[in-house]
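Commentary on secondary and tertiary structure
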Amino acid sequence: MKYVLALDQGTTSTRAIIFDKKGSIVGIAQKEFRQIYPAVGYVEHNPEDIVNSAVSVINEALKQAGLVIGDLAAIGITNQRETTIVWDRTTGEPVTNAIVWQCRRTADIAAHLKEEGLSERIYQKTGLVPDAYFSATKIKWILDNVEGAREKAERGELLFGTVDTFLMWRFSSGRIFATDPTNASRTMLFNIHTLQWDYELLQWFNIPASMLPELRSSCGLFGYTDKSVLGGEVAICGVAGDQQAALFGQLCIKEGDVKNTYGTGCFLLMNTGNKAVTSTHGLVTTLGATAGGRPPYVLEGSVFVGGAVVQWLRDELGMISTADESESWARKVSDTGGVYVVPAFTGLGAPYWDSEARGLLCGITRGTNKAHIIRAALESIAFQSADLVEAMQRDAGVNVSCLRVDGGASRNDFLMQFQSDILGVKIQRPVMEESTALGAAYLAGLSCGYWGGLKEIESQRFLGKEFTPAMQTEQRQKALQSWHAAVKAARSMR
Ligand code: ADP
């Protein structure tokens, strides 16, 4: 009896989950690691912390399940995306800490690209809007700012990778130097139409091509772990960036399938099949994972403050003591009494893209109480997600009929029902909440023949709960109208 292990290397913690053939969890371990903030707006991770946490959770999960490394049929990796590591090809030492996707230190490089009028060209090639978020400006920063880095890179001595690549390189003692299309498509150096690194982009950023990893399919053999690192040789044969792994884990494999992950922020992704949709609403186009063939195109949009608004209620306002409590408070009232919360704490993302907008609490009357405010805060998560769904429908020209959900805040039944009401769309929440890890496990297990095919996997997916819209159209339209008026007011708060 063999098992598949998914390593989920996230922004704040690393988790290992071991699945059996039925897709059930038999072992799980999680470890947080250090967040490093060397200056305002800077976010770093020590790559050694990442590797150590990964090795430790893999061993712990095996121990918990009463297994040894030889019991694993395969390992799948899913990872925080865009985070950039540059290391020495010979020694394996990173030249500096990993620059995390959240880090804003390269905002001026991104602004410069826009000033030079390169936005359109970059979007055409990569599907992305020039921003510090993506890896390209971070690699350039390392080469320009770490002493001796550029010279070494030009001599072919340095390698670049997102976290998947670095982990595989370390796990294999330098034998695997590769990435997959989902991760490559977040670097802003990858042409999502030719499925190749783009030499013109490399020139603009002044990045030597010799630094870049080889491209492999998300579902296929990357190589084997080294005995000296993990105590055994196991095939790594599934890799995808976290959001695309969740999309695959939710089995959104057909054109028009959509999932929303309700975490700290929300990530909404739509599979658009073989159509690279050009967005006129500020969404990005990226690549999805597939079990075979060309990777699908994916439209992606994110809400900056999703579940984080609940953390704000808890930590800053002290209105609740746990996130779960928000649900019973919201149910104490039949509506928000006209109160709206726009949690534009750090500006607004798609479809508004207004970095100057600031948060707003409005519609308050003498009768407004805590329950109204908590309810309005939860509703704001759904309203923001609804704006993204609307933008996607318009961009892709499709009608979304069902939204699959996961992430911490998707456990909130009130929120899910309201989301269904405000979208007029069915919401499906699977029993298995771990879509991201499951996606990586599926990719690895399908590639090595552990699972016979998508049919077998589909047969083990169980719907946990379905929410169907119960709000009258007129009421929905009125609520959306008021929400948009509140957003407009938040955008004038500067
Ligand atoms: P991440 O992966 O971004 O850390 P998680 O998927 O673990 O996020 O979800 C955590 C987020 O979900 C937090 O922002 C928390 O406030 C929110 N959350 C957790 N449980 C609930 C709940 N029952 N209702 C609303 N929000 C919740």
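Notes on the structure in this doc start here. Along each chain, numbering runs from 1 in the same order as the chain's sequence is written. Reporting of local features is limited, given that this is a predicted model, to residues whose pLDDT is at least 70; pairs of side-chain atoms are given and counted only at 80 or more, and all residues count toward the totals for whole chains, interfaces and linings. By convention in this description, side-chain values take in all heavy atoms of the structure and omit both hydrogens and water.

Turning our attention to the packing of aromatic side chains. Any two of the Phe, Tyr and Trp rings considered here, Trp counted by its six-membered ring, make a pair once their centres fall within 6.5 Å; the pair's planes then place it as stacked at under 30 degrees, edge-to-face at over 60, or tilted in between. In the structure shown here, the tally under the stated rule is 14 aromatic pairs. Plain terms: the ring middles of Phe-383 and Phe-418 are 5.4 Å apart, the flat faces sit at 80 degrees to each other, and that makes the pair edge-to-face. Highlighted residues: Phe-383 in helix H13 (residues 370–396) and Phe-418 in helix H14 (residues 413–423), separated in sequence by 35 residues. Residues Phe-383 and Phe-418 agree in their burial class; the two are buried. In this text, helices come from DSSP runs of H or I with a minimum length of four residues, and strands from runs of E with a minimum of two, each type numbered from the N-terminal end. Here the term buried applies to any residue with accessible area under 20% of the maximum for its type, exposed to any over 50%, and partly exposed to those in between, with areas from a 1.4 Å probe on protein chains only.

A few words on the packing of H13 against H14. Here H13 crosses H14 at 45 degrees, and the two axes come no closer than 9 Å. What the angle tells us is that H13 and H14 run oblique. For the element pair H13 and H14, the recorded crossing hand is right-handed. For the pair formed by H13 and H14, the contact residues are Arg-375, Leu-378, Glu-379, Ile-381, Ala-382, Phe-383, Ser-385, Ala-386 and Val-389 on the first element and Phe-414, Leu-415, Phe-418, Gln-419, Ile-422 and Leu-423 on the second. Within the contact of H13 with H14, the residues separate by chemical class into eleven nonpolar, two polar and two charged. In this analysis an axis means a line fitted to C-alpha atoms, helices contributing only their contacting stretch, and an angle means the value between N-to-C directions, from 0 to 180 degrees. In this scheme, roughly parallel covers angles under 35 degrees and roughly antiparallel covers those over 145, while 65 to 115 is roughly perpendicular and the rest are oblique. Handedness of a crossing follows from how the near helix is turned relative to the far one, being left-handed for an anticlockwise turn of less than a right angle and right-handed for a clockwise one. Residue contacts are defined here by distance: any two heavy atoms, one from each residue, within 4.5 Å place the two residues in contact. Throughout, the ten residues Ala, Val, Leu, Ile, Met, Phe, Trp, Tyr, Cys and Pro are labelled nonpolar, Asp, Glu, Lys and Arg are labelled charged, and all others, Gly among them, are labelled polar.

Pairing is mixed in the open sheet, where six strands are placed in the order S3-S2-S1-S5-S14-S13. Unpaired on one side and paired on the other, strand S3 (25–32) and strand S13 (219–224) mark the two borders of the sheet. Each neighbouring strand pair of the sheet contributes to a mean axis angle of 25 degrees, computed without reference to strand direction. Note on pairing: two strands pair once DSSP finds at least 2 bridges between them. Alignment of S13 against strand S14 (residues 235–241), held across three bridges, turns out to be antiparallel. Each residue of the ladder has a partner; that of Tyr-224, found in S14, is Ala-235. The sheet contacts of helix H6 (residues 163–171) involve strand S1 (3–9), strand S5 (72–79), S13 and S14, and relative to S5 the element is tilted by about 145 degrees. Packed on one face of the sheet, helix H10 (residues 242–249) meets S5 and S14 and runs near 105 degrees to S14.

What follows deals with the packing of H13 against helix H17 (residues 473–491). Contact geometry for H13 and H17: axes closest at 11 Å, N-to-C directions at 90 degrees. As summarised for this structure, H13 and H17 are arranged roughly perpendicular, according to the angle between their axes. Residues Ser-380, Phe-383, Gln-384 and Asp-387 of H13 lie in contact with H17, whose contacting residues are Ala-479, Leu-480, Trp-483 and His-484. A breakdown of the residues in the contact of H13 with H17 according to their chemical character gives four nonpolar, three polar and one charged.

For this description, a residue counts as near a given molecule or strand if any of its non-hydrogen atoms is within 4 Å of it. Near the ligand lie 14 residues; those nearest to it are Thr-264, Gly-307, Gln-311, Asp-324 and Gly-408. In protein, a polar contact requires one atom able to donate a hydrogen and another able to accept it; more generally it is a pair of N or O atoms within 3.5 Å, and residues adjacent in sequence count only if both atoms are side-chain atoms. A distance of 2.8 Å separates an oxygen atom of the ligand from a polar backbone atom of Gly-408. Between the ligand and Arg-411, the relevant distance is 3.4 Å, taken from a nitrogen atom to a side-chain nitrogen or oxygen of the residue. For the ligand, the accessible surface in isolation is 580 Å², of which the surrounding protein chains cover 70%. For the shell around the ligand, the leading source of residues is helix H11 (residues 308–315), giving three residues. Looking at the shell around the ligand residue by residue, the class counts come to four nonpolar, eight polar and two charged. Note on areas: Shrake-Rupley, 1.4 Å probe, and residue coverage restricted to the protein chains presented here.

Okay, empty space enclosed by the protein next. The definitions used throughout rest on a 1 Å grid laid over the protein atoms alone, on which a cavity is an enclosed set of points accommodating a 1.4 Å probe that cannot get out and a pocket is an open set flanked by protein within 12 Å on both sides along at least five of seven lines; lining residues are those having an atom within 4 Å of a point. Grid points are joined across faces, edges and corners, and a volume is the space filled by probe spheres set on the points. Tallied over the entire structure, the rule returns four cavities of 30 Å³ or more. Its boundaries defined by the atoms lining it, the largest cavity holds a volume of some 90 Å³. Taken together, 13 residues make up the lining of the largest cavity; nearest its centre are Val-303, Leu-348, Gly-349, Ala-350 and Gln-384. Going through the elements one at a time, strand S18 (297–303) and H13 are the ones with two or more residues in the lining of the largest cavity. Counted as a void, the second largest cavity has a volume near 50 Å³. Forming the walls of the second largest cavity are Glu-255, Gly-256, Met-270, Asn-271, Thr-272, Lys-275, Val-277, Ala-396 and Val-398.

What follows concerns the pairing of strand S22 (residues 426–430). The element S22 is extensively covered by neighbouring structure, given that four of its five residues are classed as buried. The pairing of strand S21 (residues 402–406) with S22 spans three bridges and is parallel. Bridge assignment links Arg-404 to a residue of S22, and that residue is Gln-428. Considered for its hand, the β-α-β crossover made up of S21, H14 and S22 is right-handed. By convention, orient the strands away from the viewer: a clockwise path from the first strand over the helix to the second makes the crossover right-handed.

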